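Geometric and topological summary
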Amino acid sequence: MHLSNYHSHCSFCDGRSMPEEFVKFALAKSFRAYGISSHGPLPFETFWNMSAFDMPEYLVEISRLKDKYQGHLEIYTGMEIDYLDTTYNPSIPYFQNLPLDYRIGSVHFLPIATELCEANMVCIDGPFSEFKKAVDTYFEGDIRKMVKRYYESSIRMVELGGIDIVGHLDKIYMNGQRCKDFSFTAPWYRNMVNEYLEVIAGKGLIVEINTKNLLKKQQTFPRQEYLSRMRELQIPVMVNSDCHTPDLVNDGRQEAFDVLKQAGYKSTCELIAGSWQSIPF
Ligand SMILES: [Zn+2]
Ligand SMILES: [Zn+2]
């Protein structure tokens, strides 16, 4: 099996160690490929996104690591880029002109007004108390309205394109499932996920199986029950740990591969010498 990880944070964003520390762990675990994917800059500062000011240093540092570890580990420069709205997302020239090897598109924020400042952002990936407050304040206490907004943003992100990988596809359920009226099995939810999967399949994008919460909370993004539908739609997949500390580079990988096998998947997407290839596992 090819050991790889393309979703990894580091000290340029909210990861806890320098990129090289992640690389060393990946080498120690006999990885073939490793991609660093810091949270890309936003039009405002947050404690987890990198600053545009640090971009040149980020690119130089990963390029230095590529040279240093050449022949031992394929290292790639990636970025996890936020979709905020149609004016700020992975498809805009700023992100498209960066010399990246790949781009992950993720929705963490739902803007509640057109001005893109921190005060106008609802974060779906933070503490539940803040999430719940946002549902009550901006979505009339109705989680279904917020979930709908999340999938509308997600679909728009995929339609606008400029990404290779869809990041943690259904992350909204992490907090959403704790709200009244949320239901994985209700048609309103299942139909939204299915529509999103169909749009992704139409664009030919890779979906990551994000294992960040797999061992800790038995959660994968996307949930395991969507994998057989994804396979029917011939959506290519990869397994990513979304690690923020080096000891977690390989966290949940074997378990995710087991689940993929059960769903009938036989291969994952790998960057090999810089091009995406489907590799049987
Ligand atoms: Zn993310
Ligand atoms: Zn991430």
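Residues numbered from 1 in each chain as written. Chains lettered and ligands numbered in written order. Predicted model: local features only at pLDDT ≥ 70, side-chain atom pairs only at ≥ 80, totals over all residues. Heavy atoms only, no water.

1. Notes on the pattern of salt bridges
Where we set the bar: The term salt bridge refers to a pairing of a side-chain nitrogen on Lys or Arg with a carboxyl oxygen on Asp or Glu at a separation within 4 Å. By definition, any uninterrupted DSSP run of H or I lasting at least four residues is a helix, any uninterrupted run of E lasting at least two residues is a strand, and each is numbered from the N terminus. Throughout, exposure labels follow a simple rule: accessible area from a 1.4 Å probe, protein chains only, divided by the maximum for the residue type, with under 20% read as buried, over 50% as exposed, and the rest as partly exposed.
Applying the stated criterion to the full structure yields 18 salt bridges. The salt bridge involving Lys24 is made with Glu21; its shortest N-O contact spans 3.7 Å. Taken together, the residues Lys24 and Glu21, both in helix H1 (residues 19-28) and three residues apart, mark about one turn of the helix. Given a relative accessible area of 41%, Lys24 falls into the partly exposed group.

2. Quick word on the nonpolar core
For soluble globular proteins, nonpolar side chains are generally found buried alongside one another. Quick reminder of the rule: Joining through side-chain atoms within 4.5 Å is the link that ties buried Ala, Val, Leu, Ile, Met, Phe, Trp, Tyr and Cys residues into a set, and such a set is a nonpolar core. Throughout, a residue-residue contact means that at least one pair of heavy atoms, one from each residue, lies within 4.5 Å.
In this structure, Met146, Tyr189 and Met230 are the most contacted members of the largest nonpolar core, which totals 51 residues. Going through the elements one at a time, helix H4 (128-138), helix H5 (143-160), helix H6 (172-176), helix H7 (187-203), strand E8 (206-210), helix H9 (227-232), strand E9 (237-240) and helix H10 (253-262) are the ones with two or more residues in this core. For this core, the element with the highest residue contribution is H5, accounting for eight residues. Once residues lying within four places of it in the same chain are set aside, the contact partners of Met146 are Leu110, Val122, Ile124, Phe131, Ala134, Val135, Phe139 and Ile172. Among the nonpolar cores identified, the runner-up in size contains 36 residues, and Phe31, Leu65, Tyr69 and Met79 belong to it.

3. Quick notes on the side chain of Arg32
This is how it is decided: Throughout this description, a polar contact denotes any pair of N or O atoms lying within 3.5 Å of each other; where both atoms belong to protein, one of them has to be capable of donating a hydrogen while the other can accept it, and for residues adjacent in sequence the pair is counted only when both atoms sit in side chains.
Mapped onto the fold, Arg32 is located in the loop between H1 and strand E2 (33-39). Polar side-chain contacts of Arg32 include one of 2.9 Å to the backbone oxygen of Leu271.

4. Observations regarding the sheet that holds E2
Either a parallel or an antiparallel arrangement is found when strands of a sheet pair, and the pairing is made through backbone hydrogen bonds. Put simply, the test is: DSSP calls a pair of strands paired once it identifies at least 2 bridges connecting them. Axis angles are defined between N-to-C directions and span 0 to 180 degrees, where every axis is a line fitted to C-alpha atoms and, for a helix, only to the segment in contact.
Spatial ordering of the open sheet is given by E1-E2-E3-E4-E7-E8-E9, a layout of seven strands whose pairing is parallel. Strand pairing shows two members of the sheet lacking a second neighbour, strand E1 (4-5) and E9, which therefore form its edges. As paired strands, strand E7 (residues 165-166) and E8 are joined by two bridges and run parallel to one another. Looking at the pairing, Val166 lines up with Val207 of E8. Packing of helix H2 (residues 55-68) onto the sheet brings it into contact with E2 and strand E3 (74-82), and relative to E3 it is tilted by some 155°. Contacting E1, E8 and E9, H10 crosses the sheet at an angle of about 155° to E9.

5. Concerning the UniProt feature "domain: PHP" (unreviewed entry) in the chain
The criterion, for reference: UniProt positions are given in the numbering used here, feature names are shortened, and annotations may be inferred rather than shown by experiment.
Per the UniProt record, "domain: PHP" (unreviewed entry) is found at residues 6-211. Taken as a whole, residues 6-211 contains 38% helix and 17% strand, while its terminal C-alpha atoms sit 12 Å from one another.

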